[in-house]
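For reference, the chains in residue letters:
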Amino acid sequence: MNRSSACDVAIVGGGPAGATAAYLLARQGMHVRLFDKRTYPRPKVCAGLLTWKTIDFIDRTWAVSPRELMREAIVVHACRDYRIYFEQTEIGRGHLDFPFYFVDRAKYDHYWLKRAEKAGVRVETGMAVKRVDPFEGTLTLVDDRVVRANTVIGADGVGSKVRLAMPLREKEKKFWRRNLAATIESYQPNIGKSPSSYASLHFGQVAWGYGWSFPGPESRTIGLACLPHRNRGNLRGIFDNLLATLAIDPKHISTPKSWPLPYGNFLYTPGCGKALLVGDACGLADPLLGEGIFYAHRSAQIAAEAIAEAYPSGNDAAYIYNRTLRKKLLRELFWFKRLRDILFFGGYNRRYRGLKLFLRLFPKRLEFAVHGQKPLSRLLLPWR
Ligand SMILES: Cc1cc2nc3c(=O)[nH]c(=O)nc-3n(C[C@H](O)[C@H](O)[C@H](O)COP(=O)(O)OP(=O)(O)OC[C@H]3O[C@@H](n4cnc5c(N)ncnc54)[C@H](O)[C@@H]3O)c2cc1C
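Residues numbered from 1 in each chain as written. Predicted model: local features only at pLDDT ≥ 70, side-chain atom pairs only at ≥ 80, totals over all residues.

A. Summary view of the overall build of the protein. If you tally the helices and strands in the protein, you get 11 helices and 16 strands. Computed over C-alpha atoms, the radius of gyration of the protein comes to 21 Å, within 12% of the 21 Å expected from 2.2 N^0.38 for 384 residues, which places it in the range of a compact globule. Dimensions of the protein, computed from the C-alpha atoms along their principal axes, are close to 65 × 45 × 45 Å. Within the protein, buried positions represent 46% of all 384 residues. Residue pairs at least 24 apart in sequence account for 69% of intrachain contacts in the protein once pairs closer than 6 positions are excluded. (Helix = DSSP H or I, 4+ residues; strand = E, 2+ residues; numbered from the N terminus. Rg over C-alpha atoms; globule rule 2.2 N^0.38 Å. Buried ≥ 20, exposed ≤ 12 C-beta atoms within 10 Å, placed from the backbone. Contact = placed C-beta atoms within 7 Å.)

Shown next as structure tokens:
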């Protein structure tokens, strides 16, 4: 017989999205339960780059500064210089007014989950959710317990079980698959040399994607993301070409790891029945550089606000969430994807002329847009 229990909100996944939603809802006095199939701290394939908008979000939500995250050894590096390459040729470089911060993802995610627990969330790690009913608001756990909730939040990443339980149309499923990037990432220890002083982005190695090399105190992170259907050949072969460009011997790197990355496949209605999807579960990452940590935090905040607004009156949280998310995040990502397709990647066969011209004409604009200090969608419009 199934053992059943109830709560206000049940959250699947304890990454940045799940932990943020859990924390904010518990602070409103709700009975929140969170389940993650992994035990924490758990590893996550990620380059760990935080832009200004994430630092600003963290400051406003938890009043935590980069200095404090450095003290906890969560932020492991900061870097202001960057270079952009097309194949072997440098096409842009700059010095950032605000640095890129790099975090240890295992520690970062664990830190926010502990904050949620402290705020009163009942967290069960090492506990996978095996079935979800988004209309009944029920989760079935691997040990066959059933959890009933007024609202279920799917913060369970790209392979989301909650999303799979939603009645998506065939068109939406196809859109999801076509815009899901494949990635590969590895580390090169800084043995015998000082850490490189700049972050570099590499275009032209792959179509509809890019490579990166990010500095760190002990190793640098080298990775590649691209839409598989736009590229012929295996990802490992393309990654080896990137290593050759960077003059790195493949013998001197850690075993490369792969993980899917949302790359413009955001769902337009991630709320359905009693379930709301947040973060990677609904494809929220920026469609040029694949930055997803900020979108995980921010969508979780929007979901928490929608639930808090709907809760007392018995209104439909999914409806409020869909409407607000569209206005506050999706519109921006939609225009940025358009711009990416036309100006940056659509120019692949024209050797990234759009990107090169852009970097020459507006060197500071891309920096501000990537950091979130100016809207991405206004890249080409006059700035006030
Ligand atoms: C190679 C690579 C590099 C990246 N680099 C960056 C970067 O530099 N900066 C950046 O901002 N973003 C980066 N990203 C994106 C970023 O990692 C994600 O956008 C972010 O982790 C999304 O957070 P999330 O909370 O939505 O999901 P996740 O962090 O994936 O968390 C989902 C959680 O759900 C749990 N879960 C899944 N299924 C179940 C289940 N059935 N039951 C219970 N629990 C479950 C998982 O164990 C996991 O802990 C990168 C991604 C990749 C692949």
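Now, onward.
B. Just the nonpolar core, in detail. Of all hydrophobic cores here, the largest spans 111 residues; its most connected members are Ala21, Ala22 and Val278. In terms of residue count, the dominant contributor to this core is helix H8 (residues 293-310) (9 residues). If we skip the residues at most four places from it in the chain, Ala22 touches Ile11, Val32, Leu34, Ala116 and Val121. (Core = buried A, V, L, I, M, F, W, Y, C linked by C-beta atoms within 7 Å.)

C. Region of interest: the site of the ligand. Lining the immediate environment of the ligand, one finds 39 residues, of which Gly13, Gly15, Gly157, Gly279 and Gly292 sit closest. Classifying every residue of the shell around the ligand gives 18 nonpolar, 11 polar and 10 charged. (Near = placed C-beta within 6 Å. Nonpolar A, V, L, I, M, F, W, Y, C, P; charged D, E, K, R; others polar.)

D. Representation of the pairing of strand E12 (residues 209-214) in the model. For E12, the tally of buried residues reaches 6 of 6 residues, placing the bulk of the element in the interior. Residue alternation in E12 divides its side chains into two sets, Gly209, Gly211 and Ser213 and Tyr210, Trp212 and Phe214, and both sets are buried. Both strand E11 (residues 198-203) and E12 contribute to a ladder of 3 bridges, which runs antiparallel. Residue pairing in the sheet places Leu201 in a bridge with Trp212 of E12. The antiparallel pairing of E11 with E12 creates a hairpin that spans 5 residues between the two strands, and Gly204 there sits at a positive phi of about 95 degrees. Hairpin connection, E12 to strand E13 (residues 219-226): the antiparallel pair is bridged by 4 residues. (Pairing = 2+ DSSP bridges.)

E. Up close: the packing of helix H1 (residues 16-27) against helix H4 (residues 105-118). At their nearest, the axes of H1 and H4 sit 8 Å apart, and the two run at 20 degrees to each other. Taken together, the axis directions place H1 and H4 in an arrangement best described as roughly parallel. When the axes of H1 and H4 are compared, the crossing they make is left-handed. Residues Pro16, Ala19, Thr20, Ala22, Tyr23 and Ala26 of H1 touch H4, and the partners they reach there are Asp109, Trp112, Leu113, Arg115 and Ala116. (Axes fitted to C-alpha atoms, helices over the stretch in contact; angles between N-to-C directions. Parallel < 35°, antiparallel > 145°, perpendicular 65-115°, else oblique. Left-handed = near helix turned anticlockwise from the far one by under 90°.)

F. The sheet that holds strand E10 (residues 180-189), seen in detail. The strand order across the open sheet built from 8 strands is E3-E5-E4-E11-E12-E13-E10-E14, with neighbouring strands paired in mixed fashion. Only two strands of the sheet have a single neighbouring strand rather than two, namely strand E3 (49-50) and strand E14 (261-262). As judged from the 2 bridges shared by E10 and E14, these two strands associate in the antiparallel manner. Within the sheet, the bridge partner assigned to Ala181 lies in E14 and is Leu261.

G. Expanded view of unusual backbone geometry. Of the consecutive residues Tyr40 and Pro41, the connecting peptide bond is found in the cis state with omega at 0 degrees. Tracing the backbone shows Pro41 in the loop between strand E2 (32-36) and E3. A positive phi is found at Glu87, a non-glycine position, where the angle reads about 50 degrees. Relative to the elements of secondary structure, Glu87 occurs in the loop between strand E4 (75-86) and strand E5 (89-103). Take Glu87: there are 13 C-beta atoms within 10 Å of it, and that puts it in the partly exposed class.

H. Representation of the pairing of strand E8 (residues 138-141). Pairing between strand E7 (residues 129-133) and E8: 4 bridges, direction antiparallel. Bridging across to E8, Arg131 finds its partner in Thr140. The antiparallel hairpin formed by E7 and E8 contains 4 residues in its connecting segment, where Gly137 sits at a positive phi of about 75 degrees. Two successive antiparallel strands, E8 and strand E9 (residues 146-154), enclose a turn made up of 4 residues, where Asp144 displays a positive phi of approximately 75 degrees.

I. Here's a closer look at the packing of H1 against H8. Where H1 meets H8, the axes come as close as 8 Å, and the angle between the chain directions of the two elements is 30 degrees. As judged from the angle between their axes, H1 and H8 are roughly parallel. Here the hand of the crossing between H1 and H8 comes out right-handed. Along the contact surface, H1 presents Pro16, Ala17, Thr20, Ala21, Leu24 and Leu25, while H8 presents Ile293, Ala296, His297, Ser299, Ala300, Gln301, Ala303, Ala304 and Ile307. For the contact of H1 with H8, a count of residues per class yields 11 nonpolar, 4 polar and no charged.

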